[in-house]
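Examining the three-dimensional arrangement
So the chains spell out like this:
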Amino acid sequence: MTWFSVNQQVESDWPEVWAVLEPAFRAGQSYPLARDVSEADARKYWIKTDGYNAVARNDAGAVVGVYYLRPDQGGPGDHICNAGYVIAEAARGRGLATKLCLQSQDRARAMGFRGMKFNLVVSTNAAAIKAWKKAGMKIIATVPAAFRHPAQGFVDAYVMFKSL
């Protein structure tokens, strides 16, 4: 049974999107942003004119997850996309991240992308790594001590990839 729907993010969604993003950004455990990032700077990071943003809503209409999808590089590398996901705290542990990743892969194919690459998957983010692997992503590189975790110090980060 589907307990959520996914739609393109629209301007009026931003307050609910920010309510999902802010706790994740403030925690400082998975995104390469300053923990005190302003809402305006977070919005510039999350929403790009050359990409696609989505919101997942539960049956009650609340935003339970979000993602962005955009070219990883420009020019001759623009056929590979990058994506980022955040699941609302209350919706975690139900497989939504994997489902959003798979849905975003379908969206990426429809947009003409030939591969999906995650540049910075923090090695301590076990739930995300499990979800991305279930969605067919593979670790293709480890960058030693690439992320400064607020509790664990310098930890490795993975580059993950899937051909689309």
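Notes on the structure follow. (Residues numbered from 1 in each chain as written. Predicted model: local features only at pLDDT ≥ 70, side-chain atom pairs only at ≥ 80, totals over all residues. Heavy atoms only, no water.)

The subject of this paragraph is the overall build of the chain. Scanning the chain from terminus to terminus reveals four helices and seven strands. Secondary structure of the chain in N-to-C order comes out as β-α-α-β-β-β-α-β-α-β-β. The C-alpha atoms of the chain give a radius of gyration of 15 Å, which matches the 15 Å a tight globule of 164 residues would have. Principal axes of the C-alpha set define a box for the chain whose edges measure 40 × 35 × 35 Å. Relative to its full complement of 164 residues, the chain shows a buried share of 43%. Partitioning the intrachain contacts of the chain with sequence separation of at least 6 by distance along the chain shows that 61% fall at a separation of at least 24. (Helix = DSSP H or I, 4+ residues; strand = E, 2+ residues; numbered from the N terminus. Rg over C-alpha atoms; globule rule 2.2 N^0.38 Å. Buried < 20%, exposed > 50% of the residue type's maximum accessible area, 1.4 Å probe, protein only. Contact = heavy atoms within 4.5 Å.)

Time to look at the packing of helix 3 (residues 96-110) against helix 4 (residues 126-134). The contact between helix 3 and helix 4 brings their axes to 8 Å, and the two run at 45 degrees. In terms of orientation, helix 3 and helix 4 fall into the oblique class. For the pair helix 3 and helix 4, the sense of crossing is right-handed. Residues Ala-97, Thr-98 and Cys-101 of helix 3 touch helix 4, and the partners they reach there are Ala-131, Trp-132 and Lys-134. Residue classes in the contact of helix 3 with helix 4 are distributed as four nonpolar, one polar and one charged. (Axes fitted to C-alpha atoms, helices over the stretch in contact; angles between N-to-C directions. Parallel < 35°, antiparallel > 145°, perpendicular 65-115°, else oblique. Left-handed = near helix turned anticlockwise from the far one by under 90°. Nonpolar A, V, L, I, M, F, W, Y, C, P; charged D, E, K, R; others polar.)

Attention shifts here to the sheet that holds strand 7 (residues 153-163). If you walk across this open sheet you meet the seven strands as 1-2-3-4-5-7-6, and the pairing is mixed. Strand pairing shows two members of the sheet lacking a second neighbour, strand 1 (4-8) and strand 6 (138-149), which therefore form its edges. In this sheet, adjacent strand axes meet at a mean angle of 25 degrees when their direction is disregarded. Note: strand 2 (residues 52-58) against strand 3 (residues 63-71), six bridges, orientation antiparallel. By the bridge assignment, Arg-57 is partnered in strand 3 with Val-63. Packed onto the sheet, helix 2 (residues 39-46) meets strand 2, strand 3 and strand 4 (80-87) and runs at close to 55 degrees relative to strand 3. (Pairing = 2+ DSSP bridges.)

Here we take up the state of the cysteines. Taken as a whole and assessed by the stated rule, the structure comprises zero disulfides. Among the cysteines around Cys-81, which has no disulfide bond, Cys-101 carries the closest sulfur, lying 9.2 Å off. (Disulfide = S-S within 2.5 Å.)

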